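# Examination of the molecular architecture
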Amino acid sequence: MVVLGIEGGGTRTTATLAGAADQVLASVTAGPGNLRLLEDDQLNALLDSIRDQLPARPDRIGVGLAGVRTAADRDRLSRAVARTWPDTPAFVGDDLLLAIETETWAADCAAQVLLLSGTGSCSLGRHRSGATVKVGGRGHIIGDRGSACDIAVHALRSTVTISDIEAGWPALGADMLAFLQMNDPEALIEWSMSATKTEIASLAQVVFAAAASRQDEIAVAILRRASDRLSKDAVHCAARVAAPGDKVQFLLNGSTILKNPWFADDVTAKILASRPGSEVIRLSRSGTWGAIRLARRLEGPIASKLQTVTAPAGALASWRPVASAPTEGRNLKSVGFAEMPLPQAIRLMLDEDASLPGKILAESAHIEWTVNEVVRAFAAGGRLFYCGAGTSGRLGVLDASECPPTFRTPPRLVQGIMAGGNQALWSAVEGAEDDADAGRRAIEARSIRANDVVIGLSASGHAPFIWGCLAEARRRGAKTVLVSCNPGYRDHPLLDRAILPDTGPEVLTGSTRLKAGTATKLVLNLITTLALARSGKVMSNLMIDLKPSNSKLRGRAIRIVQELTGADEASTRQALESSDWVIRQACAKLTGR
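Note that the structure is predicted; figures quoted are calculated from it, not measured.

### Quick notes on the sheet that holds strand 13 (residues 414-418)
Ordered by their spatial adjacency, five strands build an open sheet running 13-12-14-15-16, and the pairing between neighbours is parallel. The sheet is open, and its two edges are formed by strand 13 and strand 16 (497-499), each paired on a single side. Each strand of the sheet is rotated relative to its neighbour by a mean of 20°, with strand direction disregarded. Examined bridge by bridge, strand 12 (residues 384-388) and strand 14 (residues 453-457) share five bridges and lie parallel to one another. Bridge pairing links C387 to G456 in strand 14. In the packing of helix 16 (residues 364-379) onto the sheet, the strands contacted are strand 12, strand 13, strand 14, strand 15 (479-483) and strand 16, and the crossing angle to strand 16 comes to about 120°.

### Considerations on a positive patch on the surface
On the surface, a cluster of positive charge is made up of R69, K134, R138 and R240. Structurally, the position occupied by R69 is in the loop between strand 4 (60-65) and helix 2 (71-84).

### Brief notes about the nonpolar core
Counting 48 residues, the largest nonpolar core has L115, I151, L172, W191, L203, V207 and F263 as its most contacted members. No other element matches helix 10 (residues 217-241), which puts eleven residues into this core. With residues up to four places along the chain from it excluded, the contact list for V207 reads I151, A155, L172, A219, I222 and L223. By size, the runner-up hydrophobic cluster in this structure holds 32 residues, among which are I367, V375, Y386 and L532.

### A word on the pairing of strand 9 (residues 248-253)
With respect to burial, strand 9 is a largely interior element, six of its six residues being buried. Burial of strand 9 is two-sided: the residues V248, F250 and L252 facing one way and the residues Q249, L251 and N253 facing the other way are all buried. Sheet topology note: the strand 6 (residues 111-117)/strand 9 ladder contains six bridges and is parallel. When the sheet's bridge partners are listed, L115 is paired in strand 9 with L252.

### Structural notes on helix 13 (residues 288-296)
Along helix 13, seven of the nine residues are buried, which leaves the element largely enclosed by surrounding structure. Inspection of helix 13 places T288, W289, G290, A291, I292, L294 and A295 among the buried residues, and these make up the whole buried set. Contact partners of the buried residues in helix 13: strand 1 (3-8), strand 2 (13-18), strand 3 (24-30), strand 4, strand 5 (90-94) and helix 3 (95-102).

Reading the values: the criteria
- Residues numbered from 1 in each chain as written.
- Predicted model: local features only at pLDDT ≥ 70, side-chain atom pairs only at ≥ 80, totals over all residues.
- Heavy atoms only, no water.
- Pairing = 2+ DSSP bridges.
- Helix = DSSP H or I, 4+ residues; strand = E, 2+ residues; numbered from the N terminus.
- Axes fitted to C-alpha atoms, helices over the stretch in contact; angles between N-to-C directions.
- Contact = heavy atoms within 4.5 Å.
- Patch = residues over 30% accessible without salt bridge, like charges linked within 9 Å, V, L, I, M, F, W, Y side chains within 5 Å.
- Areas by Shrake-Rupley, 256 points an atom, 1.4 Å probe, with all protein chains shown as cover.
- Salt bridge = Lys/Arg side-chain N within 4 Å of Asp/Glu carboxyl O.
- Lys, Arg positive; Asp, Glu negative; His and termini not counted.
- Charge placed at Lys NZ, Arg CZ, Asp CG, Glu CD.
- Core = buried A, V, L, I, M, F, W, Y, C linked by side-chain atoms within 4.5 Å.
- Buried < 20%, exposed > 50% of the residue type's maximum accessible area, 1.4 Å probe, protein only.

Have a look at this one:
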């Protein structure tokens, strides 16, 4: 069997074609392989360039690229691999997984921790129980501690700072100017604003050379700091994945570590000082061999059709999708809708919408339960979260954003979590709603607690993103609710309660921004309005915590205070202005209570 292993990083991509007994049939090098930095045509060109240099077609493929973090990333990479090597079983994942698979896991080690430092840096830990954790990374702006890029940026800042203080350009700065073939330190300003991450990282070799050749004090201090950062990341990663008494196998990888032995020695010593009894190994083979090992694990005979296997994405065993959704059916009343006379089409759409209140009223017991739970959450210092995708997710974000001006609530009290993040609010993000692990991470990042309520929003109920949210929220003890137009989810094991108005097929088949969207908005209106009214934010039917941020709302605030106190308009305005337009305070001034 001929197996191809591909490893892509921020600087280059390498590939190894291996036969039986790890016989190397070909070794190939290509351009940068960070998935997040490649457009589709660039990714295709990268894979095609590797294919065109191979002497034989592989029977199986293992691929790991930097920047592969989500299920959508893995799907994108899978499609690209299938395009270049059709009908070839393939494993796709990230470069960290390849590296950690390169080395045999020592039998007496309960956990492995990969410490990578090249252009970027990060740590990946795994325990024999299956637990995994990643520490660091996240790019050269907010992460990559102890990487070549981090070392270079620190060197640039240090030399400039010393120059400003001592009015002299240090030797390390002169070395960097010579490397970049610049004559004036001021030239670094323009260069630093346009240089790529890889170009900046290249200056790390100047720092290592200065430390080795003349023990340059600035360079040595920078590298000591980098080794501190790397060793701490590795040890923290180990602490999160292994118990204090567990023996850990640390694997060092990446050019910043492996090409600088004294630096690797320093990192190793610091790891062992923090975690005595550990095993520290410097990887001697590239991650392409990890890719080959993973590809060889693909089960079954070589298929006549593609069998692309992706790395685990935290699939949820307790998520069971319902086979069909009423929202996806065809509405027989609207057959011929595109050709229908406008008056008839308008009446049809409004007639369909007119059926929604009755459908929602049938769910009133579940809505009442949810409102009471939200009230209890607010009283206990908890929060309400809407988690959704597509139109439903956007409506959740909209409802959450309206609470601070309407009820003067802090932004943290009611929050929206949108599949695909901020960009998805105005444009579709491919694969976002299909990524259950992204939902889990979103709940984790918001620090959901047992006194919170998490409501999943999905018209059909089929979006894995929301189930990732709900599964993690339930694991943390939060109350979980689903708002969907699919009655099939009534007794789902991840839910404490479900609000499921059966809105039926849409006038425009499958367009859930219509009836399903309207029904969702009505349900959300009920939940937040009633919960906040019962949390003391409403008196009678007046918004006593309104935040008057414009002239219209200031006029409304005046009328509310007048209703509550009987004061004239001039006195009311004066009381509001002196109270920074806080209605409660203005009322207290006018009534003496």
